[in-house]
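# What the coordinates show
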Amino acid sequence: MDSLAPWLWLALALLAGVATGTLTGLIPGLHVNVVAAILLAFSASLQQSDVPLEAVIAYIVATAVVQCFLDIVPSVFLGVPASEELALLPVHRLAREGRGLEAVYLSLVGSWGGLVGSLSLGFAFWVWQRTGLPGLQDLEDGIRPFLASALSVIAVLLILSDRHRGWAATVFTISGLYGLLLFASPIVPGGADAAFGVLFPALSGLFGLSGLCLSLKESSAPLPPQRVVAPLDEARWRGAAARGTVGGMLVGLLPGLGAANVATLFELWSSWRGAPEREDAGKDFIVTTSAINVSDTLFGVAALVLLQRARSGASAAVEQLMIQQPGQLAVFPLLEAAAVALLAGAAARGLLLRLGPSLARSVSRMSHRGLALAVTSFISVMVWCTTGYGGILVLVGTTLLGMIAPLVHVRRAQAMGLFLVPVILYYSGWQAPVVSALGLDGIALPAPDVDLVHLVRSLGLATAAALVSYRLGK
Amino acid sequence: MEMSAVAKKTAASWAWVLVLSSCCIWLLLWLLHQQTKGRLAADIQAALDAGRLEQLSGTVTRAYQNRYGVWVITVNGHDTLLVMPNMGVLAEKPEPGHCLQAAGRKRRSLRYDQPAFYPVSASAIQLFPPNPHSGCGLPIVTIAQAARMEVGQWAWLEVRGASAQTFRSQAGRQHLRVWVRDETGEAHGIMWEGQFSDRDRELLQSGDPVRLLAQVDSFGGSLSLIVWKVEPSG
């Protein structure tokens, strides 16, 4: 029985991860990073309990993977703009034509392709590295001197290719200024390393609450009855999924780039090669983006082993957990994590294939306004309880900033300046003089110790606020 | 269908309002940052008292800045202090022999398995010239005592230079071979290329009392010193 125990832990972690990922995936604006932050805050208690590190890592990986598969459902069926000209996203266009389920299946094809592709690629890299041949780390060391220039070119390209260059540059610049301030900030003690550090309110505001707030303002379209379609022929979209896998690998392994940046670069590449028909381009975009998201998540975790660097919220949580425990990389359960990712992906795939139509019906029956208000309340209360007034200020500032891009029809990816500007400055060797000139010399005051009772109380309060908000917003 | 001109104008007006508001909040956050800077010493002392920060003090034995602006400072030969570039510019360039005091935390990273010390801020690092009466975390020893130390250990030595001659290694590098003595004995040593100046060579050749920051090594079974810093004694 004793020898079975680790596998039982892994199985339990997998089940818990699938359940959590389903929940966070179906709730708009709730990112896996929030779950990772909460889990990290619980880590001190986890260490004192019997829960093995492998099980915690498996839980985070399973949650992240399932979230990637399922977050398409609220994206398709909630907050679809009433006017056609505002329905910019391909998923919204399909939902308005009663083909929302087709968008879900397209995303499923991309996510599954991204999962299988990235696991295969990751395994190949791992074997390659084990043979003693120059590995990814050597490759990264080789390209690091050129990273500042390469990322600058990408940033300029993304700005110049936007419809409104002035606005794109404005969003990018202000985001960059926020990035410089936040990565050095004592406003939320503990900086970017703490479980509930400054990135929690910053990312929640920039990419979560901003969208929710805008969707509260807009009137949603009553969706036409959604047609039930058969699952798609995966072979047709293999190319897009493979592109997404490679794109996700780049995002997962290189610093500063986001999934949205790479998806945009692919879009530019396709249009440069000759624009496909709008509908095909839209479908291609859905498959590619979904594959990028899954591949990014997995390579983010794999980067811990292949590069010894954390590249995403989930992998940063895993890194912190590993640093706190002796043994570190020697015991990193890479194969177990890969197996868990595959099983979690298969579970999410099965869930979407079997329950897709009913999930779509249930989600579209929910009040989008209520849900948006509920998530806004949940995140705001959590930010207030865990990061104080400094966190709330950051949340408000980044929410306002995140609302600019959709209002003026520039890409939301411009807000990735938050990461890109500090990363470009770091790799160019100019970060120290620039932050000194701006009076933003970093101050890393220690984060307050996380009190388990306080955390549970905060979660309870945030959940209560969310429930009340949902009722009020219905 | 194109968006109406009125809708476009309204969206742009709203966007300007949002730009201004987010800039105002950025300014507010900046002011809070400056306020924290103003009371940093008090905050550090409070965190030290509460045991939430540690203090690192000792002699800088090695210091260099990598191409990304990260200062890697070795203190007392074994503690590594990392000053990341987002901490800003150091008030003074750290050099071997400097006496260093810093408040911060020891942390491990996956990439560098050894724990490193991360200061609270660049301004929380204080650098002083070496004090003639204290080793600043390192022992002040005689040559006889140095001979009994383990290879790799660091110390200050109060000695007189006997000779200092440059020589070219097989790899083509120009190092300085030194010979020093005190009342307990004599020892030879080496200063690597790039670590010595003409002033160091003249000091060692003059026969005046000097203080050496050195790492104990062994060559042919006898004491050999790897000298990193030469200071006039007294």
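Attention here is on the structure that accompanies the text. In this text the structure is predicted, and so the values were computed from the model without any measurement. For every chain, the first residue of its written sequence is number 1, and the numbers climb from 1 along that sequence. Labels follow written order: the first chain is A, the first ligand is 1, and so on. With pLDDT at 70 or above as the cut-off, local features in this predicted model cover only qualifying residues; side-chain atom pairs require 80 or more to be listed or tallied, and sums for whole chains, interfaces and linings still use all residues. Processing note: side-chain calculations cover all non-hydrogen atoms of the structure and skip hydrogens and water entirely.

On to the overall build of chain A. The numbering of helices and of strands both runs from the N terminus, where a helix is a DSSP run of H or I of at least 4 residues and a strand a run of E of at least 2. For chain A, the helix and strand inventory stands at 19 helices and zero strands. Working definition: with a 1.4 Å probe on protein chains only, accessible area under 20% of the residue-type maximum means buried, over 50% means exposed, and in between means partly exposed. Across the 474 residues in chain A, those meeting the buried criterion constitute 55%. For chain A, the proportion of contacts with a sequence separation of at least 24, taken over those separated by at least 6, is 84%. Residue contacts are defined here by distance: any two heavy atoms, one from each residue, within 4.5 Å place the two residues in contact.

Here we come to the state of the cysteines. All names here are of chain B. By disulfide we mean two sulfur atoms from cysteines, separated by a distance within 2.5 Å. This structure, assessed with the given rule, holds one disulfide over all chains. With its sulfur 1.8 Å from that of its partner, Cys99 forms a disulfide with Cys136. Of note, the bridge from Cys99 to Cys136 carries an S-S torsion of about 90° and is right-handed in sense. You can see Cys99 sitting in strand 4 (residues 99–107) and its partner Cys136 sitting in the loop between strand 6 (125–128) and strand 7 (140–141), a full 37 residues away along the chain. As far as the burial class goes, Cys99 and Cys136 line up, both buried. Cys24 supplies the cysteine sulfur nearest to Cys23, a cysteine that is in no disulfide, at a spacing of 7.1 Å. Look at Cys23 and you get partly exposed, because its relative accessible area is 30%.

Counting from both sides, the interface comprises 45 residues of chain B and, opposite them, 61 residues of chain A. Each of two parts loses accessible area, computed with a 1.4 Å probe, when they are put together; buried area is these two losses added. Between chain B and chain A, roughly 4,800 Å² of surface is buried when both sides are summed, and carbon and sulfur atoms account for 66% of that area. Each salt bridge in this description consists of a side-chain nitrogen of Lys or Arg and a carboxyl oxygen of Asp or Glu lying within 4 Å of one another. The tally of links between chain B and chain A comes to one salt bridge. The partner of Asp441(A) in a salt bridge is Lys37(B), and the shortest N-O contact between them spans 3.1 Å. Any pair of nitrogen or oxygen atoms within 3.5 Å is treated as a polar contact; in protein, a donor-acceptor pairing is required on top of that, and neighbouring residues in sequence qualify only through side-chain atoms on both sides. The interface formed by chain B and chain A contains 13 residue pairs in polar contact (both at pLDDT 80 or more). Those elements that provide at least two residues to the side of chain B that touches chain A are helix 1 (5–38), helix 2 (40–49) and strand 4 of chain B. Per-element accounting of the side of chain B that touches chain A gives the leading share, 20 residues, to helix 1 of chain B. Three categories are distinguished: nonpolar for Ala, Val, Leu, Ile, Met, Phe, Trp, Tyr, Cys and Pro, charged for Asp, Glu, Lys and Arg, and polar for the others, with Gly belonging to the last. Counted by class, the side of chain B that touches chain A contains 27 nonpolar, nine polar and nine charged residues.

Next up on the list: a nonpolar patch on the surface. A contiguous nonpolar patch, built from Phe123(A), Val127(A) and Leu335(A) and spanning about 270 Å² of accessible area, is present on the exposed surface. Summarising the element assignment, Phe123(A) is placed in helix 7 (residues 100–130). Patch members must show over 30% relative accessible area and no salt bridge, and they are joined within 9 Å when carrying like charges or within 5 Å when they are nonpolar side chains of Val, Leu, Ile, Met, Phe, Trp or Tyr. Residue-level accessible areas treat just the shown protein chains as cover; the underlying method is Shrake-Rupley with a 1.4 Å probe.

Below, the discussion takes up the pairing of strand 10 (residues 185–191) of chain B. Along any regular strand the residues' side chains alternate between the sheet's two faces. Residues and elements named next belong to chain B. The element strand 10 is extensively covered by neighbouring structure, given that five of its seven residues are classed as buried. By the convention used here, strands pair only if DSSP detects at least 2 bridges between them. Two strands pair when backbone bridges link them, and strand 9 (residues 174–182) and strand 10 are joined in this way by seven bridges, in the antiparallel orientation. Residue pairing in the sheet places Arg181 in a bridge with Glu186 of strand 10. Connecting the antiparallel pair strand 9 and strand 10 is a turn made up of two residues. Relative to strand 12 (residues 222–232), strand 10 runs parallel, the two being bridged by three bridges. Each bridged residue has a counterpart across the sheet, and for His188 the counterpart in strand 12 is Ser224.

Let's shift gears to unusual backbone geometry. The phi torsion of most residues other than glycine is negative, and most of the peptide bonds are trans. Despite not being glycine, His409(A) shows a phi value in the positive range, around 60°. Mapping His409(A) onto the fold places it in the loop between helix 16 (368–407) and helix 17 (417–428). A positive phi angle, close to 55°, is found at Asn76(B), a residue other than glycine.

Right, let's talk about the packing of aromatic side chains for a bit. The geometry of an aromatic ring pair is captured by two quantities: the separation of the ring centres and the angle between the planes. Pairing of aromatic side chains here covers Phe, Tyr and the six-membered ring of Trp, requires ring centres within 6.5 Å, and sorts the geometry by plane angle: under 30 degrees stacked, over 60 edge-to-face, intermediate tilted. On inspection of all chains with the given rule, the structure shows six aromatic pairs over all chains. Where Tyr427(A) meets Tyr68(B), the ring centres are 5.3 Å apart and the plane angle is 80°; that geometry is what we call edge-to-face. Of the two residues, Tyr427(A) sits in helix 17 while Tyr68(B) sits in the loop between strand 1 (54–65) and strand 2 (71–75), which places them in two different chains. Judged on exposure class, the residue Tyr427(A) and its partner Tyr68(B) are both buried. On the numbers, 5.9 Å between centres and 35° between planes, the contact of Trp154(B) with Trp228(B) is tilted. Of the two residues, Trp154(B) sits in strand 8 (residues 154–168) while Trp228(B) sits in strand 12, which places them 74 residues apart along the sequence. As a reminder, the over-ring test applies to NZ of lysine and CZ of arginine, requiring each to be within 6 Å of the ring centre and within 35 degrees of the ring normal. The cationic tip of Arg107(B) hangs over the ring face of Tyr118(B); the distance from NZ or CZ to the ring centre is 4.0 Å. A cation over an aromatic ring shows up here: Arg177(B) above the ring of Phe167(B), its NZ or CZ 4.2 Å from the ring centre.

All names here are of chain B. Looking at the element boundaries, Glu150 is found in the loop between helix 3 (143–147) and strand 8. By relative accessible area, which is 59% here, Glu150 ends up exposed. Sequence-wise, Glu150 and Leu213 are 63 residues apart; in three dimensions their C-alpha atoms are separated by 16 Å.

Pairs may arise between side chains of opposite charge once their charged atoms sit close together. Here the structure, examined in full by the defined rule, presents 15 salt bridges over all chains. The shortest N-O distance in the salt bridge between Glu102(A) and Lys283(A) comes to 2.9 Å. Of the two residues, Glu102(A) is situated in helix 7 and Lys283(A) in helix 13 (residues 278–306); the sequence distance between them amounts to 181 residues. The same class applies to Glu102(A) as to Lys283(A), namely buried. Residue Arg181(B) is joined to Glu186(B) by a salt bridge in which the shortest nitrogen-to-oxygen separation is 3.1 Å.

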